[in-house]
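Given next are the chains, with one letter for each unit.
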2 protein chains.
Amino acid sequence: MTRDRLYLYDTTLRDGQQTQGVQFSTAEKIRIAAALDALGLDYIEGGWPGANPTDSAFFEEVPRTRATMTAFGMTKRAGRSAENDDVLAAVANAGTPAVCIVGKTHDYHVTRALGVSLEENLESIRASVAHLAALGREPLFDAEHFFDGYKSDPAYALDCLRAALEAGARWIVLCDTNGGTLPHEIGQIVQEVIAQAVPGDHLGIHTHNDTENAVAGSLAAVDAGARQIQGTLNGLGERCGNASLTSLIPTLLLKPHYADRFETGIDRAALQDLTRISRMLDDILNRVPVRQMAYVGASAFAHKAGLHASAILKDPSTYEHIDPGAVGNRRVVPMSNQAGQSNLRRRLSEMGLEVEKGDPALARILDRVKARETDGYSYDTAQASFEILAREELGRLPEFFEVKRYRVSVERRKNKYNRMVSLSEAVVVVKVDGVKKLSVSESMDAEGNDRGPVNALSKALAKDLGRYQAVIDDMRLVDFKVRITQGGTEAVTRVTIDSEDGQGRRWATVGVSANIVDASFEALLDAVRWKLVRDWEG
Amino acid sequence: MTRDRLYLYDTTLRDGQQTQGVQFSTAEKIRIAAALDALGLDYIEGGWPGANPTDSAFFEEVPRTRATMTAFGMTKRAGRSAENDDVLAAVANAGTPAVCIVGKTHDYHVTRALGVSLEENLESIRASVAHLAALGREPLFDAEHFFDGYKSDPAYALDCLRAALEAGARWIVLCDTNGGTLPHEIGQIVQEVIAQAVPGDHLGIHTHNDTENAVAGSLAAVDAGARQIQGTLNGLGERCGNASLTSLIPTLLLKPHYADRFETGIDRAALQDLTRISRMLDDILNRVPVRQMAYVGASAFAHKAGLHASAILKDPSTYEHIDPGAVGNRRVVPMSNQAGQSNLRRRLSEMGLEVEKGDPALARILDRVKARETDGYSYDTAQASFEILAREELGRLPEFFEVKRYRVSVERRKNKYNRMVSLSEAVVVVKVDGVKKLSVSESMDAEGNDRGPVNALSKALAKDLGRYQAVIDDMRLVDFKVRITQGGTEAVTRVTIDSEDGQGRRWATVGVSANIVDASFEALLDAVRWKLVRDWEG
């Protein structure tokens, strides 16, 4: 069966940069472009040459890509020729194989925002597209506010599209600029456009997520005949973002309704890189990845409900619409107060703890997890603390050492240069093999900044554990999260700590107390004990 | 024109609790239920009585609501009568006016996951619904895996729905349990169900966001004739979440395609509370609100692109699909431009600070806010800290006192009864009217529990401020939130503190540091200074 070619156009580097708080450097743009290219996108829109220094610099050292590198700009202004418009010239001079120019198609915007006549606007579209075609570039016309324009004056909106097409535009992209058009309207209007003005294989769709329908709007346009989709990684973009390619790509490749009909530039092997690329982008932006993102989120295949979790054990397809591995993601079955005994046995087995069916310790573990969750603990993410709890109930936790007492202080005062500075200091007293050991640490980092009391406690606890010390020397605290929650009737503090070791393991532990220092210490202690369980071969 | 009634069913407290990392306390459930009720939801699903202690406790003190309070459970198990099924009994005993029970409709799941015959499953559905109806409850039947089931064996899936309907179910809810069904399929299957088995005004839709189409799937079902939508606030829910009512409600009320045809229990006045309710939920969960959320996100009406921002000044409708005020949200334009300064002047004026147009302090305030937000501060909620900052730049903040130094310690050790106990102690040294004052406090509460170092610091700071002391005596710390965030290139701690006084005022302040104690102290200090600005009449 022959499948239609469906083209994917990425605008992460241009429209994605309109996200509040996002500002790529040129080096970051180059890194993202390489990832997009490896994934197999057809077009990469690199930015607007001339609009800002970063975009201009990017086009000066524009990377070679298999994808068609595209510069973005706008139609020439009225009252001057395409040849003499400096904004258009900057875009053309970027030397990319394709150029996408935005222009007006909504009568109201032409007369009100641009302040030119409807005919002058048609002339701008025609002349700008023809100019780019004459320069040998592949021209794309981005029809701004098209859907609102079509509703206001369909004849004029279609005339704008025809002007671009006849002047040589390879693609006419229907843009729902303010994001307000619903999927059923997009589908209907795309059908009408194809019937009256632009063939589907010259038609693209560009949606925004203002009603949380950007993905659905793109799919509706494809179902109606459009053959190019514009979007961004992780749905970056102005306001609520653009259509997320991270959601669209797996749907197009994995759902038979699309996969049977369309071919894209992305193959199933590249698709397995999608989760990694999504996380890489968040990493570049220093954003916490959204756990609930479709397909690639850390929670996308997390099964918390007891009913679901036990069914998953029998057959993953019961509660998973795709195999998580297809997009490079993985299944998570977290502990929670709704998990049953079979789920629990499987979890324990994964930790190397085989427990017979019906072992009374199973019920004790579930009861204790339940009681602790009522106190404010959460084991969904703190798997290592869960393991410590389970080992205690199973009698499989060696008492490596005992904490006798600890003390931590923070002092803030003026230093000799008359600047206010802080210093945190912690003392931890443990008993190891019958010997009492006192350790003291402070929390200064390499730059001379105080990292606070938890940092000091962590150092003191891990400073001298006698014969166990060598095992924990490669541990370090990599993340620390605090949440005020309800424990019984009082507000308590829940601290979750992520630790890492030299073998690349990462594990999370939790502590709860009205006192944030005590909650932190509890989580630190679990982290050390988990590491000793793993690596101590006494 | 008569409009159809469209019912909205909220499952934030049940399915929303399946979100990884979410664990509501009973008190939080009660608070959320009150907000949902005020908004005007038709049904509030409170949880699964008997499934866990929190849900059971919630139904023991279940709040009176205008909305129909609903308990969730499952159909009776095969081989016992509805009367003798303890799980069903726990749900029925919760005494709610409505009960929603989940049951299988997918042949494969019946035989494989339940391990019972197809006829036994039909009997379970029939008997369970009839039992609830006989008890005088409004029964809802949640058809698990319906869309997959319908694709696998349409006749059997429809038989399940008919069994529930004939046994007295008020609503049959089609559930896309694994979230894999696309909107066009949902629309088509809903049409077929209405034609063959269940009238639209008895039909509900329950979607999940695994392909980022949960909202679109719900709308497709309504367009096909379903008249109940189930969803959650902020799209909470297992894996990628449920259909977001926060996105659906404004679309249903503000978009003519729906608003002209349907009436819901929510009016335009209540809709203006939507943003506040969305933020309140994140606040309860101590989650960072997603800026890009449709309608209610902090970026939903943020205009960053230069072209857009200037057009917005001419006419907001050019780049906004709705008026942000309709959902209680607001427009954000870049701080640097003219609109930034006029917004700022209005904000200051609301605080009683009249500033002349063009005052150079305005630009300084904007610059400092920007720089501090880069460092990790957030003034969205911490209005009192914003006022302190503005007063400093305007030269309108008296220096009531100076903090010379402070010290806080936490010590944990065994008491005389051999129990581990903690004690926090703080010393704060201030200079008031040229006189140095040393204050020391510990943080024991009435029950003898240690409340931690911030509590001790707060007491010591507010213990002796000389002639100012009387003014701050009625202050108390009522909430304390901690978030790890990014400041420059390092992770820092942001602490937000809510304070209250005897006059019923409540104000929030913020502090940021790598050291949690320093961040807390900064917020405490702002809180005291704000109170003195308000009430000191020296």
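Scroll up to find the structure.
Residues numbered from 1 in each chain as written. Chains lettered and ligands numbered in written order. Predicted model: local features only at pLDDT ≥ 70, side-chain atom pairs only at ≥ 80, totals over all residues.

J.: I keep staring at the overall build of chain A and nothing clicks. Help me out?
T.: Secondary structure assignment for chain A yields 20 helices and 16 strands. Along the longest, intermediate and shortest principal axes, the C-alpha atoms of chain A span 90 × 65 × 45 Å. Taking all 538 residues of chain A together, 53% fall into the buried category. Within chain A, counting contacts between residues at least 6 apart in sequence, those at least 24 apart form 68% of the total. (Helix = DSSP H or I, 4+ residues; strand = E, 2+ residues; numbered from the N terminus. Buried ≥ 20, exposed ≤ 12 C-beta atoms within 10 Å, placed from the backbone. Contact = placed C-beta atoms within 7 Å.)

J.: What's the story with the interface of chain A and chain B in this structure? I'm lost.
T.: Interfaces are frequently sized by the accessible area removed from exposure as the parts join. Taken together, the contact between chain A and chain B spans 87 residues of the former and 86 residues of the latter. A per-element tally of the side of chain A that touches chain B places strand 11 (residues 402-414) of chain A first, with nine residues. Taken together, the residues of the side of chain A that touches chain B sort by class into 28 nonpolar, 34 polar and 25 charged. Looking at chain direction, strand 11 of chain A and strand 11 (residues 402-414) of chain B are connected through seven bridges and run antiparallel. Of the residues in strand 11 of chain B, the one forming a bridge with Val-410 of chain A is Val-408 of chain B. (Nonpolar A, V, L, I, M, F, W, Y, C, P; charged D, E, K, R; others polar. Pairing = 2+ DSSP bridges.)

J.: Hey, could you run me through the pairing of strand 8 (residues 203-206) of chain A in this one?
T.: Consecutive side chains along a regular strand alternate between the two faces of the sheet. All names here are of chain A. Residues Leu-203 and Ile-205 line one face of strand 8 and the alternating positions Gly-204 and His-206 line the opposite face, and both faces are buried. When strand 7 (residues 171-175) meets strand 8, the two strands line up parallel, connected through four bridges. Looking at strand 8, one finds that Ile-172 is bridged to Leu-203. Each parallel crossover has a hand, and the one from strand 7 via helix 8 (residues 183-196) to strand 8 is right-handed. As paired strands, strand 8 and strand 9 (residues 228-231) are joined by three bridges and run parallel to one another. Bridge pairing in strand 9 places Ile-205 opposite Ile-229. Crossover handedness for the path strand 8 to helix 9 (residues 214-224) to strand 9: right-handed. (Right-handed = clockwise from strand over helix to strand, strands pointing away.)

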